[in-house]
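Analysis of the macromolecular model
What follows is the residue order along each chain.
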Amino acid sequence: MSMLPVAEAQDRLLSRAKPVRTIETVALPEAEGRVLAADVKAKLTQPPFDASAMDGYALRRDDAPEPGAKLRLIGTSSAGHGFEGVIGKGETVRIFTGAPVPSGADSVLLQEDTEKIEGGICTTFPVRLGQHIRPRGQDFVEGEVVLKAGTALDFSRLTVAAGMNHGTLEVWRKPVVALLATGDELLPPGSLPGPAQIIASSTFGIAALARKAGAEVFDLGIVPDDKAAISAAIGRAMQAEVDVIVTLGGASVGDHDLVQATLLGSGMKLDFWRIAMRPGKPLMVGSLGEVHVLGLPGNPVSSLVCGLLFLEPLIRKLASFPPVRRNATVEAAATLRANDQRQDYVRATLSRSSSGVLAAKPFVKQDSSMMKIFAEADCLIVRPPYAPELRAGSPCPVMLLRPDLLD
Ligand SMILES: Nc1nc2c(c(=O)[nH]1)N[C@H]1C(S)=C(S)[C@@H](COP(=O)(O)OP(=O)(O)OC[C@H]3O[C@@H](n4cnc5c(N)ncnc54)[C@H](O)[C@@H]3O)O[C@H]1N2
Ligand code: MOO
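Residues numbered from 1 in each chain as written. Chains lettered and ligands numbered in written order. Predicted model: local features only at pLDDT ≥ 70, side-chain atom pairs only at ≥ 80, totals over all residues.

1. Thoughts on the site of ligand 1
Around ligand 1, the structure places 27 residues, and the nearest of them are Gly249, Ala251, Ser252, Pro297 and Gly298. Mapped by element, the contributors of at least two residues to the shell around ligand 1 are helix H3 (202-213) and helix H6 (300-318). In terms of residue class, the shell around ligand 1 is built from eleven nonpolar, 13 polar and three charged. (Near = placed C-beta within 6 Å. Helix = DSSP H or I, 4+ residues; strand = E, 2+ residues; numbered from the N terminus. Nonpolar A, V, L, I, M, F, W, Y, C, P; charged D, E, K, R; others polar.)

2. Topic: the UniProt feature "domain: MoaB/Mog" (unreviewed entry) in the protein chain
UniProt tags residues 178-317 as "domain: MoaB/Mog" (unreviewed entry). With 36% helix and 29% strand, residues 178-317 has its two end C-alpha atoms placed 17 Å apart. (UniProt positions renumbered as here; feature names shortened; annotations may be inferred.)

3. Quick look at the domain arrangement of the protein chain
Partitioning the protein chain into structural domains gives domain 1 (6-20 + 174-318), domain 2 (27-46 + 139-172), domain 3 (51-134) and domain 4 (327-405). One C-alpha centre belongs to domain 1, the other to domain 4; they are set 26 Å apart. At the junction of the two partners, domain 1 supplies 14 residues and domain 4 supplies 13 residues. Elements with a contribution of two residues or more to the side of domain 1 that touches domain 4: strand E19 (277-278) and H6. If one sorts the elements of the side of domain 1 that touches domain 4 by residue count, H6 sits on top with six residues. (Domains from an automatic or database assignment. Contact = placed C-beta atoms within 7 Å.)

4. Digging into the sheet that holds strand E18 (residues 269-273)
Spatially, six strands are ordered E16-E13-E17-E21-E20-E18 in an open sheet, and the strand pairing comes out mixed. At either margin of the open sheet sits one strand with a lone partner, and together these are strand E16 (216-223) and E18. Neighbour-to-neighbour, the strand axes of the sheet open up by a mean angle of 20 degrees, direction not taken into account. Bridge analysis of strand E20 (residues 284-288) against strand E21 (residues 291-296) gives five bridges, and the strand direction is antiparallel. Looking at E21, one finds that Leu288 is bridged to Val291. Seen against the sheet, helix H4 (residues 227-239) touches strand E13 (176-182), E16, strand E17 (244-248), E20 and E21 and runs at an angle of roughly 165 degrees to E16. Across the face of the sheet, H6 comes into contact with E13, E17 and E21 while running at roughly 165 degrees to E21. (Pairing = 2+ DSSP bridges. Axes fitted to C-alpha atoms, helices over the stretch in contact; angles between N-to-C directions.)

5. Overview of the nonpolar core
The biggest cluster of nonpolar side chains holds 82 residues, and the ones touching the most others in it are Val177, Ala178, Val246 and Ala360. Among the elements that line this core, the one with the most residues is H6, at eleven residues. Those residues in contact with Ala360 that sit more than four places away from it in its chain are Val330, Ala332, Ala333, Ala348, Leu350, Cys379, Ile381, Cys396 and Val398. Within the second largest apolar cluster, 19 residues are counted, among which are Ala51, Ala58, Ala64 and Ala69. (Core = buried A, V, L, I, M, F, W, Y, C linked by C-beta atoms within 7 Å. Buried ≥ 20, exposed ≤ 12 C-beta atoms within 10 Å, placed from the backbone.)

6. A closer look at the pairing of strand E24 (residues 358-362)
Summarising the sheet, strand E22 (residues 327-332) and E24 pair through two bridges and their orientation is parallel. In the sheet register, Ala332 faces E24, and the bridge partner there is Ala360.

7. Side note on the site of ligand 2
Every residue lining ligand 2 is accounted for by Arg278, Pro279, Gly280, Lys281, Pro297, Asn299, Ser302 and Ser368. Looking at the shell around ligand 2 residue by residue, the classes come out as two nonpolar, four polar and two charged.

8. Some words on the environment of Glu376
If you trace the backbone, Glu376 turns up in helix H7 (residues 371-376). Sequence separation of Glu376 and Ala348 is 28 residues, and the distance between their C-alpha atoms is 8.3 Å.

9. A few points about the packing of helix H1 (residues 6-15) against H6
Two elements in contact, H1 and H6, have axes separated by 10 Å at closest approach and are oriented at 30 degrees. It follows from the interaxial angle that H1 and H6 lie roughly parallel. The interaxial crossing formed by H1 with H6 has right-handed handedness. For the pair H1 and H6, contact is made by Val6, Gln10, Leu13 and Leu14 and by Leu309, Phe310, Pro313, Leu314 and Lys317, respectively. Broken down by class, the residue content of the contact of H1 with H6 amounts to seven nonpolar, one polar and one charged. (Parallel < 35°, antiparallel > 145°, perpendicular 65-115°, else oblique. Left-handed = near helix turned anticlockwise from the far one by under 90°.)

10. A look at unusual backbone geometry
Glycine aside, the phi torsion of most residues is negative, and most peptide linkages are trans. Here the residue pair Gln46 and Pro47 is connected by a cis peptide bond, since its omega of -10 degrees sits within 30 degrees of zero. Within the secondary structure, Pro47 sits in the loop between strand E2 (40-41) and strand E3 (51-52). A cis amide bond links Arg278 to the next residue, Pro279, at an omega of -5 degrees. The topology assignment puts Pro279 in the loop between E19 and E20. Phi at Arg274 is positive, roughly 80 degrees, even though this residue is not glycine. Along the polypeptide, Arg274 turns up in the loop between E18 and E19. Positive phi values are uncommon outside glycine, yet Ser320 reaches one of about 70 degrees. Along the polypeptide, Ser320 turns up in the loop between H6 and E22.

Here it is, written out as structure tokens:
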């Protein structure tokens, strides 16, 4: 039985994937995690006026070059309430952080560097010309392109977008991923399973992966191993104009594995089926018109590993995000035996040795139905096809399951 190498399967899937190019206008709070579809120009200049950077006194530097200068207090400028007059020779205005610098002033002296005297202040520190003033437009000026199309919107980009006075932003539509769990034995969590029934779990992990990668999830629920039921669910996904259909289970060769046959009957073009990997061998990839179809194996760990290797990169490409960098090299904490023809993804924990080196320790049992071990794992040790024995202490390639949690 011929099996496609993992890298070739990934390339074939991704080379066909085109980023979604429908524009949506969304309110700023909904724009987090989205990708800009157009350049964003500043609608105003920031700061809109020369502003004080400190609480203190606005003055003319020539009036107080050295400590001991006495200045007459003629008013106050606070944020939102500027001083309308002009500062003349020997005069000062009380000023607060963010307040407009009054006309005539060219510097701000910290209040800590002054002493109050009758009718004004006496300086206790030399003044440098222009100190503690933020010039108008120091941040950005009206019409300036501050965020470019293609930028992913996170906390700092949303802040500057708001600061530029944008209440809405134009972003690419999220790819929509339909999820369908198949199997007579499956029940949703919270149900009372009968003797031959189990809980459908992998939908939740795949949905979480898909959302984190930038997709909107359309849950088609659970259908029995029945061609008409599978076909009807696929029809609902097509009608909803989803970008990707993901099926869970029924991908292998058993009498009840009907997913591929049903999809072919619905007009699916099969791209490939069966990958030289463990777990996840029965993965199937095809297309229904423009819609990508991924048939994931039923075993939860197999589904999730296929999700990490195929679904996540697909969604990120459709959503205009760069791939997640999950690959790292650590040390093997145990000796790993020589591999066969399938690329092995070995569940392992990571821990730091006393010398600070990260080492991956494989779980003894690697059955692809075992969710608990997968939840405890930090990484997958990647064992290429026909890799020779890897001795404990050797460099060891891994795929990180939670790359953002690694320091
Ligand atoms: N004769 C062969 N048998 C099998 C082969 C093979 O090559 N020849 N491949 C094996 C491999 S590898 C895998 S992986 C499994 C995958 O098979 P299916 O995709 O057809 O999965 P199912 O049979 O539907 O289910 C497998 C297992 O997983 C449970 N399951 C299904 N869906 C869910 C779900 N949504 N959440 C949790 N658990 C689920 C299901 O009850 C089964 O226990 O095939 C091997 N067989
Ligand atoms: O390839 Mo299967 O995914 O080993 O259990």
